[in-house]
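Per-entry structural report
Below are the chains, spelled out letter by letter.
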Amino acid sequence: MHDFKYKNNELYCENVKVSTIARQVGTPCYIYSHNTLVDHFTKLQKAFAEIDPLICFAMKANDNMAVLKTLANHGAGFDIVSVGELRKVKKIKADTRKVVFASVGKTEEEIVEAIKAKILFFNVESEPELVEINRIAGKMKVKAPVALRINPDVKAATHAKITTGTLKNKFGIDLATAHAIMKNTKKYPHIKFNGIHCHIGSQIITKDPFVKALERVLEFLDDVKADGIKLEYLDIGGGLGIIYKDEKPQTADKFAKAVLPYLKKTGLRIVMEPGRFIAGNAGIFVTEALYLKDNGVKKFLIVDGGMNDLARPSLYDAYHEIVPLKKKAGKKIKMDVVGPICESGDVFAKDRALPVFKKGDLLAIMSAGAYGYVMASNYNVRGRGPEVMVKGNKFEICKKRETFNDLIRGESVPNFI
Ligand SMILES: *Cc1c(COP(=O)(O)O)cnc(C)c1O
């Protein structure tokens, strides 16, 4: 499943002792397993081998270039949401023709650069956006490839902040509008309508929401066919759930078994956009115990990493397993694990039974490879810690710790003050 395991009571990432890395690069830090990234990607690839889909890693989950290059080397394309992400794809010399571009707010600069990069298609999220892409493509004298992102109005049974496929969310185009667009494609002479896209949310652990969404998509595709429009691609989005605690998410194989019959029926080339499934359990966040505080009512373990480094617990009430880098004998006690940030929401775990830590002990916060570092901020003027890639018995920093000078770059006090 993943390559973070204990050997002789010490946590290892592949063949490297995690504490060796942490002592060398300092804490807090993120550590990624190359082998785990490849394993998760390959699992999906194999499960869907008979239709040979294009797997576009949703790089908003983890955009470190070492992670991207690892996946590109295995044939991954990328699902991007900004021109910055596109530039990272170019920077690692990955194939921009395997890029799909979602986002409800694409700017002209982004659209122009993506057209020039010859991306596979734009996932278009509204009619006004379609009008804008048509205008820009006309100016550039090209046809821009587009997949309409339809909103199937399906509940994904996940956290409200990561559901996207209902009409209460800002994403995608409702079916009626999408029908109207497809009936009137002549209105958009500079658009090549070549696909349909659908992404209903994240951390979805059962097949049912996917199947329900696909049923609606198939109905939609039938209507489109009846209108005489030939499409090439169906992009089924991402959203596959992973294990954070005791979830029993579908495996790649089970997911494939549930959706393959629908996908094959379309006759279209399939694109998928997994993020969390590939990166989530391929990374950990390592932090050091600073203080154990007992106020008579509660015990708090204060660590040197905070919500600015790993936002998921404070943002989504997300559960992350917390383990010591060196296994400890003895009884566990209940405590809150908190960071140093001046916010009561800066909590990694509440009333968690953990071994008794002392100052200087190292802890790993697990499943931090997706939506971890990418959401980190400099709140409280804290430089973000390094990211480290491990492969076999090798490891290397793939993003340096931010220095104070990094934090104040571009900042100045006006003369009039
Ligand atoms: C976030 C997102 C994904 C990836 O979601 P995961 O849950 O990480 O797989 C894929 N496609 C789109 C359009 C997204 O917004």
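Structural notes, computed from the coordinates. Here the structure is a predicted model, which means the values were calculated and not measured.

Cut-offs used in this document
- Residues numbered from 1 in each chain as written.
- Predicted model: local features only at pLDDT ≥ 70, side-chain atom pairs only at ≥ 80, totals over all residues.
- Heavy atoms only, no water.
- Helix = DSSP H or I, 4+ residues; strand = E, 2+ residues; numbered from the N terminus.
- Rg over C-alpha atoms; globule rule 2.2 N^0.38 Å.
- Buried < 20%, exposed > 50% of the residue type's maximum accessible area, 1.4 Å probe, protein only.
- Contact = heavy atoms within 4.5 Å.
- Areas by Shrake-Rupley, 256 points an atom, 1.4 Å probe, with all protein chains shown as cover.
- Lys, Arg positive; Asp, Glu negative; His and termini not counted.
- Charge placed at Lys NZ, Arg CZ, Asp CG, Glu CD.
- 1 Å grid on protein atoms, 1.4 Å probe; cavity = no way out; pocket = protein on both sides within 12 Å on 5 of 7 lines; lining within 4 Å.
- Points joined across faces, edges and corners; volume = space filled by probe spheres on them.
- Domains from an automatic or database assignment.
- Near = heavy atom within 4 Å.
- Polar contact = N/O pair within 3.5 Å; in protein donor to acceptor, adjacent residues only side chain to side chain.
- Nonpolar A, V, L, I, M, F, W, Y, C, P; charged D, E, K, R; others polar.

1. So, the overall build of the protein
Broken down by element type, the protein carries 12 helices and 21 strands. Taken over C-alpha atoms, the radius of gyration comes to 23 Å for the protein, in line with the 22 Å a tight globule of 417 residues would show. For the protein, the spread of C-alpha atoms along the principal axes amounts to about 70 × 60 × 40 Å. In the protein, which comprises 417 residues, the share counted as buried stands at 56%. When contacts within the protein are restricted to residue pairs at least 6 apart in sequence, those whose partners lie at least 24 apart make up 70%. By element, 53% of the accessible surface of the protein is carried by carbon and sulfur atoms, the whole surface being about 19300 Å². Across the protein, 66 positive and 48 negative side-chain charges occur, with their mean positions spaced 3 Å apart.

2. A look at the layout of surface pockets
By volume, the largest pocket amounts to about 660 Å³. In terms of lining, the largest pocket is formed by 32 residues, of which the most central are Lys60, Thr164, Phe171, His199 and Tyr371. Each of two domains, domain 1 (4-31 + 280-408) and domain 2 (34-278), supplies a minimum of three residues to the lining of the largest pocket.

3. Details of the side chain of Thr96
Mapped onto the fold, Thr96 is located in the loop between α4 (83-91) and β7 (99-101). Accessibility expressed as a relative area gives 14% for Thr96, which makes it buried. What Thr96 contacts, discounting residues up to four positions off in sequence, is Leu86, Val89, Lys90, Ala117, Lys118, Ile119 and Leu120.

4. Description of the site of the ligand
As a matter of local geometry, the ligand sits amid 14 residues, with Lys60, Ser202, Glu273, Arg276 and Tyr371 nearest to it. The side chain of Ser202 places a nitrogen or oxygen atom 2.2 Å from an oxygen atom of the ligand. For the ligand, an oxygen atom lies 2.8 Å from a polar atom in the backbone of Gly239. Computed on the free molecule, the ligand has an accessible area of 390 Å², of which 94% lies beneath the protein chains in the complex. Taken together, the residues of the shell around the ligand break down into three nonpolar, six polar and five charged.

5. Section: empty space enclosed by the protein
Enumeration according to the criterion identifies three cavities of 30 Å³ or more in this entry. Here the largest cavity defines a volume of roughly 90 Å³. Lining the largest cavity are Cys198, His199, Ile200, Phe210, Ala213, Leu214, Val217, Leu234, Ile236, Gly238, Phe255 and Val259. Put simply, the parts of the chain that give the lining of the largest cavity at least two residues each are α8 (208-226) and α9 (252-266). Here the element with the most residues in the lining of the largest cavity is α8; it accounts for four residues. What the second largest cavity holds in volume is close to 60 Å³. For the second largest cavity, the full set of lining residues is Leu44, Phe210, Ile236, Gly237, Gly238, Gly239, Leu240, Phe255, Met272 and Pro274. Classifying every residue of the lining of the second largest cavity gives seven nonpolar, three polar and no charged.

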